[in-house]
Amino acid sequence: MVKPTLVTNSIRALRFANGEMTQADLADRVGVTRQTIIAIEQGRYSPSLEMAFRIARVFRVPLDQAFQYSDGQG
Amino acid sequence: MTFLEKSNWVVLVVAVPTLLVYVALVVPQVLGKPISEVSWVQPMLITIVGFIVANILGNVVAAASNPGEADKEDQRDREIDHLGERVGNWLIIAGSIAALALAMADADHFWIANAIFLGGLAASIVSSVTKIAAYHGPFQTW
């Protein structure tokens, strides 16, 4: 339940690079609640692969530009 | 706060006073007279019905406070819900096993009913606390 996630993300930077998109806008476009976007941005929740793809697709970037995985682990 | 998180707060806010009311109604009797003379059926029914009605009213108020959010849930909500329910189910099972053991030991109906009732109420409380903690802390199911 509380295993620290090694997945990091660039969602905040991507939102600002996309016309300062709000968390609510991103949530609507991904089809999740704003609280889930906040949790992902803060590294408190790792999305499923499908949700990660949907987020990357909103920003029109490859998955690994939106999400990164720490080297040397796992 | 999502509607589902508010809903869990409602369960918690209702369940704790429910438990306290029941304890206040029954424990003084248990201490003062034989178990077979304790009037526990009515207090248990009152607290069960009160718990259900208060939960419904609380959810209506929570939904009315932000109608746009009331029907929204996503994968994280569902994962958190499953986790909380899994944790709560252990207490329901514990209460059921205790009731079974009491029945086998030919215990008074009071103890059997209370093992089930308190197991269920404890499950509601622990399940809600687990979900609320998952909403606010790191959470992942894998």
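For the structure itself, consult the block above.
Visitor: So what about the overall build of chain A? Which residues, and what values?
Guide: Within chain A, the secondary structure is distributed over five helices and two strands. Ordered by position from the N terminus, the helices and strands of chain A form the series β-α-α-α-α-α-β. Along the first, second and third principal axes, the C-alpha atoms of chain A reach 35 × 25 × 20 Å. Within chain A, the proportion of its 74 residues that are buried is 27%.

Visitor: Which residues make up the environment of A98 of chain B, and what values go with them?
Guide: Residue and element names in this part refer to chain B. Here A98 is to be found in helix 3 (residues 75-104). Taking the C-alpha atoms as reference points, A98 and I116, separated by 18 residues in sequence, lie 7.9 Å from one another. If we ignore the near neighbours within four places in the chain, the residues touching A98 are A115 and G119.

Visitor: Explain helix 4 (residues 109-136) of chain B residue by residue, including any values.
Guide: All names here are of chain B. Along its 28 residues, helix 4 runs 41 Å from first to last C-alpha, staying within 8% of the 40 Å computed at 1.5 Å per residue. Every buried residue of helix 4 is listed here: F110, N114, A115, G119, L121, A123, S124, S127, S128, K131, A134 and Y135. Its buried side turned inward, helix 4 meets helix 1 (3-32) and helix 3.

Visitor: Talk me through the interface of chain A and chain B; I want residue IDs and the actual numbers.
Guide: Taken residue by residue, the interface counts 15 residues in chain A and twelve residues in chain B. At three residues, the largest contribution of residues to the side of chain A that touches chain B is made by helix 3 (residues 34-41) of chain A. Residue composition of the side of chain A that touches chain B, grouped by class: seven nonpolar, six polar and two charged.

Visitor: Describe helix 3 of chain A, listing the residues and the values that go with them.
Guide: All buried positions along helix 3 of chain A are accounted for by Q35, T36, I37, A39 and I40 of chain A. Among the structural elements, strand 1 (7-9), helix 1 (11-17) and helix 2 (23-30) of chain A together with helix 3 of chain B are those in contact with the buried residues of helix 3 of chain A.

Visitor: Explain the nonpolar core residue by residue, including any values.
Guide: With 17 residues, the main nonpolar core has A27, V30, I37, I40, I55 and A66 of chain A as its most contacted residues. Here I37 of chain A is in contact with Q23, L26, A27 and V32 of chain A, once residues within four sequence places are set aside. Core analysis: the next-biggest nonpolar cluster, separate from the first, contains nine residues, F3, L4, V10 and A15 of chain B among them.

Visitor: Please set out the environment of R86 of chain B residue by residue, giving values where relevant.
Guide: With respect to the helices and strands, R86 of chain B occurs in helix 3. Between the alpha carbons of R86 of chain B and L121 of chain B there is a distance of 15 Å; along the sequence they are 35 residues apart.

Visitor: Got a sec to walk through the packing of helix 2 of chain A against helix 3 of chain A? Specific residues and values, please.
Guide: Residues and elements named next belong to chain A. Two elements in contact, helix 2 and helix 3, have axes whose closest approach is 8 Å; the angle formed by their N-to-C orientations is 110°. With respect to each other, helix 2 and helix 3 are oriented roughly perpendicular. For the pair helix 2 and helix 3, contact is made by Q23, A24, L26 and A27 and by R34, T36, I37 and I38, respectively. Of the residues belonging to the contact of helix 2 with helix 3, the class tally is five nonpolar, two polar and one charged.

Each value, and the rule that gives it
- Residues numbered from 1 in each chain as written.
- Chains lettered and ligands numbered in written order.
- Predicted model: local features only at pLDDT ≥ 70, side-chain atom pairs only at ≥ 80, totals over all residues.
- Helix = DSSP H or I, 4+ residues; strand = E, 2+ residues; numbered from the N terminus.
- Buried ≥ 20, exposed ≤ 12 C-beta atoms within 10 Å, placed from the backbone.
- Contact = placed C-beta atoms within 7 Å.
- Expected span 1.5 Å × (residues − 1).
- Nonpolar A, V, L, I, M, F, W, Y, C, P; charged D, E, K, R; others polar.
- Core = buried A, V, L, I, M, F, W, Y, C linked by C-beta atoms within 7 Å.
- Axes fitted to C-alpha atoms, helices over the stretch in contact; angles between N-to-C directions.
- Parallel < 35°, antiparallel > 145°, perpendicular 65-115°, else oblique.

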